[in-house]
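Residue-level structure breakdown
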Amino acid sequence: MRGTMVFAREPLERVQKLNVTNGAWSMRLGGGEKGITLVGVHTTPPLYGIKLWRQDLREVAASVSQAKADGDTVLVAGDFNATIDHRAFREVLDAGLIDAADACGESHFGSRRGPGPERNTCQRGRQAPCCRLTTSW
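The following paragraphs examine the structure supplied in this document. (Residues numbered from 1 in each chain as written. Predicted model: local features only at pLDDT ≥ 70, side-chain atom pairs only at ≥ 80, totals over all residues. Heavy atoms only, no water.)

With that out of the way, let us pick up the nonpolar core. When a protein is soluble and globular, its nonpolar side chains tend to lie buried together. In this structure, Val 60, Val 64, Val 76, Phe 80 and Leu 97 are the most contacted members of the largest nonpolar core, which totals 20 residues. Taken together, the elements giving at least two residues each to this core come down to strand S3 (36-42), helix H1 (50-69), strand S4 (73-79) and helix H2 (87-93). For this core, the element with the most residues is H1, which contributes six residues. (Core = buried A, V, L, I, M, F, W, Y, C linked by side-chain atoms within 4.5 Å. Buried < 20%, exposed > 50% of the residue type's maximum accessible area, 1.4 Å probe, protein only. Helix = DSSP H or I, 4+ residues; strand = E, 2+ residues; numbered from the N terminus.)

Right, let's talk about the packing of aromatic side chains for a bit. Inspection of every chain in the model, using the stated rule, returns one aromatic pair. On the numbers, 5.1 Å between centres and 65° between planes, the contact of Phe 80 with Phe 89 is edge-to-face. Phe 80 sits in the buried class, given a relative accessible area of 13%. Here Phe 89 falls in the buried class, since its relative accessible area comes to 8%. (Phe/Tyr/Trp six-rings, centres within 6.5 Å; stacked < 30°, edge-to-face > 60°.)

Glancing now at H1. Since the α-helix turns once every 3.6 residues, residues separated by three or four places project in the same direction. Taking 1.5 Å per residue, 20 residues should reach 28 Å; H1 reaches 28 Å between its end C-alpha atoms and fits that length. Among all positions in H1, only Trp 53, Asp 56, Leu 57, Val 60, Ala 61, Ser 63, Val 64 and Ala 67 are buried. Seen end-on, H1 carries its buried residues on one side only, within an arc spanning 160°. Exposed residues on H1 whose side chains face more than 90 degrees from its buried face are Lys 51, Arg 58 and Ala 69. Packing partners of the buried residues in H1 comprise strand S2 (24-29), S3, S4 and H2. (Expected span 1.5 Å × (residues − 1). Arc of directions from axis to C-beta. Contact = heavy atoms within 4.5 Å.)

This part takes up the sheet that holds S2. The four strands are arranged S1-S2-S3-S4 in an open sheet whose pairing can be described as mixed. Both outer strands of the open sheet, strand S1 (12-17) and S4, are each paired with one neighbouring strand and no more. Geometrically, the sheet is characterised by an average inter-axis angle of 15° between neighbouring strands, direction not taken into account. On the sheet, H1 packs against S2, S3 and S4 and is oriented at approximately 160° with respect to S4. (Pairing = 2+ DSSP bridges. Axes fitted to C-alpha atoms, helices over the stretch in contact; angles between N-to-C directions.)

Most of S3 sits out of view: seven of its seven residues are buried. The side-chain alternation of S3 yields two buried faces, one formed by Ile 36, Leu 38, Gly 40 and His 42 and the other by Thr 37, Val 39 and Val 41. Note: S2 against S3, six bridges, orientation antiparallel. The residue bridging Leu 29 from the neighbouring strand is Ile 36, located in S3.

Set out below in structure tokens:
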């Protein structure tokens, strides 16, 4: 599957398509001087091309760095095809992000495809922790 979709109830500003293989978008929620930048991501899997995958992650990190430099709060969500074990993914976090699973006291867990009946299920057989973003304009 390729692509990234973002649906919003509020108007979006500064919508920008990022140069990421399977699709990524950066957009700003809320008006005013400071807002929330949302980055929706779907990087190529490293097995399909490690150079492409690293390039995708660098593009995401650059988008995050720019939004943070603008003073925005940044939320990045999607399919990174990576875990915290990957140095290239940690470099995205180093752009000033906090891993939601770590913040909730959960360790990382992936959804990589595996052999047999467990194919396409979370490695530990559970769903990712939910996080809720609330704000008032």
